[in-house]
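# Reading the structure
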Amino acid sequence: MTTLYDRLGGAPAMDAAVDIFYRKVLTDDRISRFFDDIDMERQAAKQKAFLTMVTGGPAHYTGADMRRGHAHLVAQGLDDSHFDAVIELLAGTLTELGARPEDIAEVGALANSVRDDVLGREAVKA
Amino acid sequence: MITFEGKTFALQPGQTVLAGLEEAGVAVETSCRAGVCQSCLMQVVEGAPSKRSQQGLSPSQLARGLFMPCVCAPEGDLTVARAGDAHQRVEAEVHSLEPLSDSVLRVRLKPLAEFAYRPGQFVRLITEDGLVRSYSIASTPEVAPLVELHVRLIPGGKMSGRLKGSTAPGDRVMVSGPSGGCTYDGVESDQPLILAGAGTGLAPLWGVLHDALARGHRGPITLYHGALDEGGLYLREELEALAGRHAHFAYRPCLMDRGDDLLAIVKADPELKRAGVYLCGDAPLVERLRKTLFLAGARLADIRADAFAAAA
């Protein structure tokens with residue numbers, strides 16, 4: 001079975017995906033403050049890795065990476081509302097790239113699986 | 001814990017490897033101390049340097065385990081060594097020193113050994129007593145055998161003061177490098193090019209422009225040069241003459257005292273969305289340009305930048 005990552009066009013398509021996603025993030029009043037004054041090249045590389053991971057491509061984040069990478073943002077007030085905003089922008093990005101609704105739902109579920117790590121919480125059993 | 005030449009010492013939380021080495025009495029050649037100039041480049045023997053400390057390094061530098069200790073506050077233990085062969089390091093003779101404006105000095109150097117570079121990269125000048133400063137390369141090796149730098153004359157600037165005040169043709173300096181990826185590589189020959197910068201940010205743009213023309217670039221090229229006033233627009237006649245000779249090259253000086261807004265003017269370039277974009281100058285301006293142009297539609301992967309870090 002091919003992954004969404006493959007169907008979107010693999011690594012080359014991720015550059016276009018980052019352009020769309022990062023532009024949305026920088027201009028969204030709910031979350032743009034978390035992205036002020038950061039190195040855009042580094043951030044783009046991280047977003048590329050993130051988009052690669054959630055579309056089923058070759059990326060190897062661990063829960064610990066997610067915790068460490070976002071701890072300073074949690075200290076600045078990062079919470080569920082911001083996480084939801086990112087998921088929404090992610091869905092919008094994938095729609096623009098031509099992904100199917102069922103793909104987008106799957107990506108949303110994958111992204112949600114790291115929610116507790118990103119927000120620095122103990123995992124809660126559903 | 002950091003291990004260097006058999007000595008081991010601890011870092012304070014958040015302290016960089018460079019700060020720790022200096023505290024331990026190790027002399028390290030430095031310049032920007034901000035993870036840009038690569039003057040302090042070292043090699044990791046064991047352990048993992050921070051990602052930040054390897055940002056901007058080439059694949060071959062990464063393969064050799066090089067990193068910048070000035071921005072490396074590692075999470076684990078590191079064993080590090082001097083990277084003696086991290087750069088080409090050659091002696092060069094000062095060929096000429098020529099004012100391009102009240103505030104910019106053109107310095108041409110003749111390397112005394114083979115020195116390979118691409119126009120738009122930057123080099124470090126090193127004096128006998130260890131003063132180090134980075135300058136972008138404006139020349140094109142195929143066109144001129146001399147390495148040309150545009151040195152901004154900064155009041156109280158150590159290197160620029162020395163070059164202007166007490167350096168003469170025939171003097172020797174050390175040159176190390178080159179570094180940086182702000183070069184005419186990875187663009188399509190019919191892709192539009194947008195070259196934007198201020199002050200001596202013109203040096204790498206001048207290098208990229210001449211490289212592009214020499215390689216037969218066919219797409220439209222626009223160079224935006226920002227300055228406070230007319231006095232800051234150096235090489236203006238040459239650029240106007242070049243625009244007269246090449247129909248696909250346009251030169252757009254932007255003067256702040258005339259009310260020109262460099263960001264707004266570049267942002268309005270009709271080719272922005274598919275252009276190869278080159279941004280050079282002081283770091284705050286370059287970062288504002290990068291964000292503005294990206295949000296206006298430039299592709300992130302098509303933006304190449306050389307942000308200058310200031311040093312007295």
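Here's a quick rundown of the structure.

The rules we used
Residues numbered from 1 in each chain as written. Chains lettered and ligands numbered in written order. Predicted model: local features only at pLDDT ≥ 70, side-chain atom pairs only at ≥ 80, totals over all residues. Helix = DSSP H or I, 4+ residues; strand = E, 2+ residues; numbered from the N terminus. Rg over C-alpha atoms; globule rule 2.2 N^0.38 Å. Buried ≥ 20, exposed ≤ 12 C-beta atoms within 10 Å, placed from the backbone. Contact = placed C-beta atoms within 7 Å. Pairing = 2+ DSSP bridges. Axes fitted to C-alpha atoms, helices over the stretch in contact; angles between N-to-C directions. Arc of directions from axis to C-beta. Nonpolar A, V, L, I, M, F, W, Y, C, P; charged D, E, K, R; others polar. Parallel < 35°, antiparallel > 145°, perpendicular 65-115°, else oblique. Left-handed = near helix turned anticlockwise from the far one by under 90°. Expected span 1.5 Å × (residues − 1).

Along chain A, the regular secondary structure elements total 7 helices and 0 strands. When the helices and strands of chain A are read in sequence order from the N terminus, they spell out α-α-α-α-α-α-α. Over its C-alpha trace chain A gives a radius of gyration of 14 Å, about what one expects of a compact globule, namely 14 Å for 126 residues. For chain A, the proportion of its 126 residues judged to be buried stands at 21%. Within chain A, contacts between residues at least 6 apart in sequence are counted, and of these 74% link residues at least 24 apart.

Here we take up the sheet that holds strand 5 (residues 78–82) of chain B. If you walk across this open sheet you meet the 5 strands as 2-1-5-3-4 (chain B), and the pairing is mixed. The open sheet has two edge strands with one neighbour each: strand 2 (7–9) and strand 4 (66–67) of chain B.

This part takes up the pairing of strand 7 (residues 104–111) of chain B. Residue and element names in this part refer to chain B. As paired elements, strand 6 (residues 88–99) and strand 7 share 7 bridges and run antiparallel to each other. The residue bridging V94 from the neighbouring strand is L109, located in strand 7. Between strand 6 and strand 7, which pair antiparallel in sequence order, lie 4 residues. For strand 7 and strand 10 (residues 147–152), the ladder comprises 6 bridges, and the chain directions are antiparallel. Each residue of the ladder has a partner; that of R106, found in strand 10, is H150.

As a further point, take the sheet that holds strand 14 (residues 249–255) of chain B. All names here are of chain B. Read from one edge to the other, the open sheet built from 5 strands follows the order 14-13-12-15-16, with strand pairing classed as parallel. Unpaired on one side and paired on the other, strand 14 and strand 16 (303–308) mark the two borders of the sheet. Strand-to-strand twist in this sheet, taken as the mean axis angle between neighbours without regard to direction, amounts to 10°. Pairing between strand 12 (residues 193–198) and strand 13 (residues 221–227): 6 bridges, direction parallel.

With that settled, consider helix 3 (residues 158–166) of chain B. Residue and element names in this part refer to chain B. Within helix 3, burial applies to M159, S160 and L163. Each buried residue of helix 3 lies within a common arc of 100° when the element is viewed along its axis, so the set occupies one face. Structural note: helix 3 exposes G165 and S166 on the side pointing more than 90 degrees away from its buried face. Packing partners of the buried residues in helix 3 comprise strand 6, strand 7, strand 8 (122–126), strand 9 (132–136) and strand 10.

Before going further, it helps to examine the interface of chain A and chain B. Facing 10 residues of chain A, the contacting portion of chain B comprises 8 residues. A per-element tally of the side of chain A that touches chain B places helix 2 (residues 10–26) of chain A first, with 6 residues. Class assignment for the residues of the side of chain A that touches chain B results in 5 nonpolar, 1 polar and 4 charged.

Two measures define how a pair of helices packs: the angle their axes make with one another and the distance between the axes. Residues and elements named next belong to chain A. Running from amino to carboxyl end, helix 2 crosses helix 3 (residues 40–54) at an angle of 110°, the nearest separation of the two axes being 9 Å. One finds that helix 2 runs roughly perpendicular with respect to helix 3. Remark: the crossing between helix 2 and helix 3 carries right-handed chirality. Contacts between helix 2 and helix 3 involve M14, A17, V18, F21 and Y22 from the first element and A44, Q47, K48, L51 and T52 from the second.

Right, let's get into helix 5 (residues 80–96) of chain A. All names here are of chain A. The terminal C-alpha atoms of helix 5 lie 24 Å apart, and with 17 residues this matches the ideal 24 Å at 1.5 Å per residue to within 8%. Every buried residue of helix 5 is accounted for by H82, V86, L89, L90, T93 and L94. On an axial view of helix 5, the arc spanned by its buried residues comes to 140°, and they lie on one face. Across helix 5 from its buried face, at more than 90 degrees, point the exposed residues D80 and S81. Those residues of helix 5 hidden inside the fold are in contact with helix 2, helix 3 and helix 6 (101–112). G98, located one to two residues past helix 5, shows a positive phi value of around 95°.

Once that is clear, we can look at the environment of B:V151. All names here are of chain B. Take V151: it is sitting in strand 10. Expressed as a C-alpha distance, the spacing of V151 and L289, which sit 138 residues apart in the sequence, is 22 Å. Each residue touching V151, except ones within four places of it in the same chain, is listed here: V104, L105, V107, Y135, S160 and L163.

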